[in-house]
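One letter stands for each residue in the lines below.
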Amino acid sequence: EYLHYEYMRLIENRRTLSLTADDRSPEMQREIAESMWRFQHYRYRLLPTPSEEFFRSIQFPLGRNVFTPQPPLYFLASLLVSLVTRSMGVDTQLYVLRLFSVLLQVLTVLLAYQLARIIFDEENYRYLWLAAAGVVAFMPQYSFISSSYNNDNLAPPLITASLIALIQSWKNNGSYRWLLL
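The shown structure was predicted, so the numbers you read here are calculated from the model rather than taken from an experiment.

1. With respect to the overall build of the chain
Here comes step 1: For the chain, the count of helices and strands is 10 helices and 0 strands.
Here comes step 2: Listed N to C, the secondary structure of the chain is α-α-α-α-α-α-α-α-α-α in terms of helices and strands.
Here comes step 3: Relative to a compact globule of 181 residues, whose C-alpha radius of gyration would be 16 Å, the chain shows 20 Å and is clearly more extended.
Here comes step 4: Projected onto the principal axes, the alpha-carbon positions of the chain cover approximately 65 × 35 × 30 Å.
Here comes step 5: The buried share of the chain, reckoned over its 181 residues, is 38%.
Here comes step 6: Counted over contacts in the chain with a minimum sequence separation of 6, partners at least 24 positions apart contribute 67%.
Here comes step 7: Per element, the accessible surface of the chain, about 11300 Å² overall, is 63% carbon and sulfur.

Written as C-alpha cells, this is what we have:
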C-alpha cells in the first residue's frame, strides 16, 4: 500500500507518468515511513521491528533502486480524490484513498448484480442476481484487498463493465455501440 501511495504522490509531484527510481524522494519516503512507524507496520507484517534509531537512519526507508512502473489510470483517478485531502496528513489521506478503493468494490458488486440480470434475464432468476452480487461482496480476499490503497482495485469494475458491454452487444446482434463501449 505504501508503495502505491508513494507512486501516486510521485505522479502528483513530478507531473509525469514516466517515473523511474531516480524520481523517488527520501523526504517523501520519510513522511510515509513515519506513518508506518506510528501504526506499527512491522508488527502487523510479522517482520522484526528495527530500533527507532536504526529506522530513522535509513535514507530511503521504502527502498531506492527497486521500482516497477505501474498502469497509471488508478493513480490518476485517485489524484482527483487526493485533491480534497492534500493539506491533511498521510494517515488521513490514506483513509480517504482507502474509501475510494472501497467505493470501487461497491461499484463492482453493483455491476456484478447487473451482469447477472443481463445473463439471467427472466424474473424468476432473481435469486441468481442476488447470489452473484453476494459472492462478489463477501469474498474475503477481495474485500481485504479492496480495503487497501492498491491499483489492483480498478481492474474488477472495469472487467465487469466490459463483460456487460460484450454480453449486451451479443444480445443485440453485435451492436457496434456496445462493442465500442
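2. Brief notes about the packing of aromatic side chains
Here comes step 1: Inspection of the entire model under this criterion finds 7 aromatic pairs.
Here comes step 2: Taking 5.7 Å as the distance between ring centres and 80° as the angle between the ring planes, the aromatic pair formed by Tyr74 and Phe75 counts as edge-to-face.
Here comes step 3: Taking the relative accessible area as the measure of exposure, Phe75 reaches 0% and is therefore buried.
Here comes step 4: Measuring from centroid to centroid gives 5.6 Å for Tyr74 and Phe100, while their planes differ by 40°, and the two rings are tilted. Here Tyr74, found in helix H5 (residues 73-85), pairs with Phe100, found in helix H6 (residues 90-119); they are 26 residues apart in sequence, far enough to count as distant. Per residue, the accessibility class of Tyr74 equals that of Phe100, and both read buried.
Here comes step 5: Feature note: the residues Tyr7, Tyr74, Phe75, Phe100 and Tyr149 constitute an aromatic cluster, connected by ring pairs.

3. So, the pattern of salt bridges
Here comes step 1: For the structure on display, the rule yields 6 salt bridges.
Here comes step 2: Between Arg9 and Glu31 there is a salt bridge, with the nearest N and O atoms lying 3.1 Å from each other. Separated by 22 residues along the polypeptide, Arg9 in helix H1 (residues 2-14) and Glu31 in helix H2 (residues 26-38) bring together distant segments of the chain.
Here comes step 3: Across the salt bridge formed by Glu123 and Arg126, the nearest N and O atoms sit 2.7 Å from each other.
Here comes step 4: Residue Arg126 is classed as partly exposed on the basis of its relative accessible area, which comes to 43%.

4. Observations regarding the environment of Ser25
Here comes step 1: Following the sequence through the fold, Ser25 ends up in the loop between H1 and H2.
Here comes step 2: Taking the relative accessible area as the measure of exposure, Ser25 reaches 11% and is therefore buried.
Here comes step 3: Considering only alpha carbons, one finds Ser25 and Asp91, 66 residues apart in sequence, at a separation of 18 Å.
Here comes step 4: Setting aside chain neighbours within four positions, we find Ser25 in contact with Glu6, Arg14 and Phe60.

5. Thoughts on the packing of H6 against helix H9 (residues 155-171)
Here comes step 1: Contact pair H6 / H9: the axes reach a minimum separation of 9 Å and the direction vectors enclose 20°. When the axes of H6 and H9 are compared, the pair comes out roughly parallel. Crossing hand, H6 versus H9: left-handed. From H6, Leu104, Leu107, Thr108, Leu111, Ala112, Gln114, Leu115, Ile118 and Ile119 reach across to H9, where they touch Pro156, Pro157, Thr160, Ala161, Leu163, Ile164, Ile167, Gln168 and Lys171.
Here comes step 2: Split by residue class, the contact of H6 with H9 holds 13 nonpolar, 4 polar and 1 charged.

About the criteria used
- Residues numbered from 1 in each chain as written.
- Predicted model: local features only at pLDDT ≥ 70, side-chain atom pairs only at ≥ 80, totals over all residues.
- Heavy atoms only, no water.
- Helix = DSSP H or I, 4+ residues; strand = E, 2+ residues; numbered from the N terminus.
- Rg over C-alpha atoms; globule rule 2.2 N^0.38 Å.
- Buried < 20%, exposed > 50% of the residue type's maximum accessible area, 1.4 Å probe, protein only.
- Contact = heavy atoms within 4.5 Å.
- Areas by Shrake-Rupley, 256 points an atom, 1.4 Å probe, with all protein chains shown as cover.
- Phe/Tyr/Trp six-rings, centres within 6.5 Å; stacked < 30°, edge-to-face > 60°.
- Salt bridge = Lys/Arg side-chain N within 4 Å of Asp/Glu carboxyl O.
- Axes fitted to C-alpha atoms, helices over the stretch in contact; angles between N-to-C directions.
- Parallel < 35°, antiparallel > 145°, perpendicular 65-115°, else oblique.
- Left-handed = near helix turned anticlockwise from the far one by under 90°.
- Nonpolar A, V, L, I, M, F, W, Y, C, P; charged D, E, K, R; others polar.

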